[in-house]
Amino acid sequence: MDQTVLAVDLGGTNLRVAAVASDGAITARDRRPTPKTGDANSIVQVIASLITDLRRTTDVEPIAVGVAAPVIMDLTSGRIDRSPNLPQLNEFRFKDELERVVGGSVFLENDATAAAIGESWLGASKGFQTSICVTLGTGVGGGIVINGSPFRGIDGTAGEIGHICVEPEGYPCGCGSRGCLEQYSSATAVVRFARELVKSGSTLSGKNDFTAKDVYEAAINSDPAAGESFRRMGYYLGIALAGLINLLNPEVIVLAGGLSSGWDAFFPETLRQIEKRAFRVPAGRVKLVRAELGDDAGLLGVAKVAFTSFEQGITGV
Ligand SMILES: [Zn+2]
């Protein structure tokens, strides 16, 4: 019989769970809002009840559980080091606690690394051995796959592409540093650029509150301030990607996340910076593509982690 794992995507807004078969087919799914109040155990309880419900309604007997979460892990100690968006998880022994509650092996993975694995398994970087996935959303996440395996670094913290410095004395970042890519190439940054640039006459000038999507729509309708906001975002992204191309010589870079749908507004400037800054051979080699799995990339990626780890007899990180 085909084996199944349960994959959990722990997001800042929603907690999603899916039953995933070994070929990547999602056979059942469910979701609940992520608890905003309470301690880390309230998150564990919601995940446990989603898993219990899914097992009951589908009759699935999973071999393992994988959880993709917006966390910086400490692989050595097996606990979450930091979770900027879900601070109640800071220094929490998530894996141990969830294993105790649900019974069985739990594998935890950083959400952006999980997305990179998912795209590499079944999406835009399928068939490539060396890939980078950059998630452009409220923040900027990154995941690296080298020779077909996720690159996690010695402690599990690798791939924090959003915290590469692109402006040495630039905006302060939530990580404690300043000038990080996340402060320049995220949806938050696009909105901030637009606020700085919008003058009377712009289609955005009458609005008190606008989103990156509003800025994108104004940009494709030739609004100069909106266009410049996306050009800046693309400029900084290009600087970071040129560095990654020189460093890793990847076959493919996948751009994921909600802001990647603004591709035509930022990508020409990104490409210009790559052509200007990266070495000719790796810049000529790398394919720059949009993600294919959408919101399911992290779920599928952590399902793959759970299958692989289970097959290798690893009992979880
Ligand atoms: Zn940072």
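Here we summarise the structure given alongside this text. (Residues numbered from 1 in each chain as written. Predicted model: local features only at pLDDT ≥ 70, side-chain atom pairs only at ≥ 80, totals over all residues. Heavy atoms only, no water.)

The first and last C-alpha atoms of helix α6 (residues 224-248) sit 35 Å apart over 25 residues, in line with the 36 Å expected at 1.5 Å per residue. Capping the start of α6, Asp223 holds a side-chain oxygen 3.1 Å from the backbone nitrogen of Ala225, two or three residues further along. Within two residues after α6, Asn249 carries a phi angle of roughly 45°, on the positive side. (Helix = DSSP H or I, 4+ residues; strand = E, 2+ residues; numbered from the N terminus. Expected span 1.5 Å × (residues − 1). Polar contact = N/O pair within 3.5 Å; in protein donor to acceptor, adjacent residues only side chain to side chain.)

Our next topic: empty space enclosed by the protein. For the structure shown, the criterion picks out three cavities of 30 Å³ or more. Approximately 40 Å³ is the volume attributed to the largest cavity. Taken together, Val71, Ile72, Met73, Asn110, Gly156, Thr157, Ala158 and Glu160 make up the full set of residues lining the largest cavity. Residues of the lining of the largest cavity, tallied by class, amount to four nonpolar, three polar and one charged. (1 Å grid on protein atoms, 1.4 Å probe; cavity = no way out; pocket = protein on both sides within 12 Å on 5 of 7 lines; lining within 4 Å. Points joined across faces, edges and corners; volume = space filled by probe spheres on them. Nonpolar A, V, L, I, M, F, W, Y, C, P; charged D, E, K, R; others polar.)

Another point: the sheet that holds strand β8 (residues 131-136). The strand order β10-β9-β8-β11-β12 describes an open sheet built from five strands, whose pairing is mixed. Each having just a single partner strand, β10 (149-150) and β12 (287-290) make up the two edges of the open sheet. Two strands pair when backbone bridges link them, and β8 and strand β11 (residues 252-256) are joined in this way by five bridges, in the parallel orientation. Across the sheet, Thr135 pairs through a bridge with Ala256, a residue of β11. The sheet strands contacting helix α3 (residues 111-122) are β8, β9 (140-146), β10 and β11, and the helix crosses β9 at an angle near 50°. (Pairing = 2+ DSSP bridges. Contact = heavy atoms within 4.5 Å. Axes fitted to C-alpha atoms, helices over the stretch in contact; angles between N-to-C directions.)

What follows concerns the state of the cysteines. All told, the structure shown has zero disulfides when counted by the stated rule. With no disulfide of its own, Cys165 has Cys180 as its nearest cysteine by sulfur position, at a separation of 6.5 Å. (Disulfide = S-S within 2.5 Å.)

In this structure, His163 (ND1), Cys173 (SG), Cys175 (SG) and Cys180 (SG) serve as the protein donors to the zinc ion, at separations of 2.0 to 2.3 Å. Around the zinc ion sit four donor atoms; with metal-centred angles ranging over 104 to 119°, the donor geometry is tetrahedral. Taken in chain order, the donor set of the zinc ion reads H-x9-C-x1-C-x4-C. In this pair, His163 is assigned in the loop between β10 and α4 (187-197) and Cys175 in the loop between β10 and α4, connecting sequence segments 12 residues apart. Given the relative accessible area of 28%, His163 is considered partly exposed. Classification of Cys175 by relative accessible area gives partly exposed; the value is 31%. (Donors = N, O, S within 2.8 Å, 3.2 Å for Na, K, Ca; no water. Tetrahedral: all angles 85-135°; square planar, octahedral: opposite > 155°, others 65-115°. Buried < 20%, exposed > 50% of the residue type's maximum accessible area, 1.4 Å probe, protein only.)

Below, the discussion takes up the sheet that holds strand β2 (residues 14-21). Pairing is mixed across the open sheet formed by five strands, whose spatial order is β3-β2-β1-β4-β7. At either end of the open sheet lies a strand with only one pairing partner, and these are β3 (26-33) and β7 (106-110). Looking at each pair of strands side by side, their axes are set apart by 20° on average, direction ignored. Taken strand by strand, helix α2 (residues 94-102) contacts β1 (4-10), β4 (65-69) and β7, and its axis lies near 145° from that of β7. Contacts between helix α9 (residues 297-311) and the sheet are confined to β1, β2, β3, β4 and β7, with β1 contributing the most and set at about 135° to the helix.

With 12 residues, α3 should reach 16 Å at 1.5 Å per residue; the first-to-last C-alpha distance of 16 Å fits that figure. Of all 12 residues in α3, 10 are buried, a share of seventy percent or more. Where α3 is concerned, the buried positions are Ala112, Thr113, Ala114, Ala115, Ala116, Ile117, Gly118, Glu119, Ser120 and Trp121. N-capping of α3 is provided by Asn110, with a side-chain oxygen placed 3.0 Å from the backbone N of Ala112.

Any functional reading would require information beyond the geometric quantities listed.
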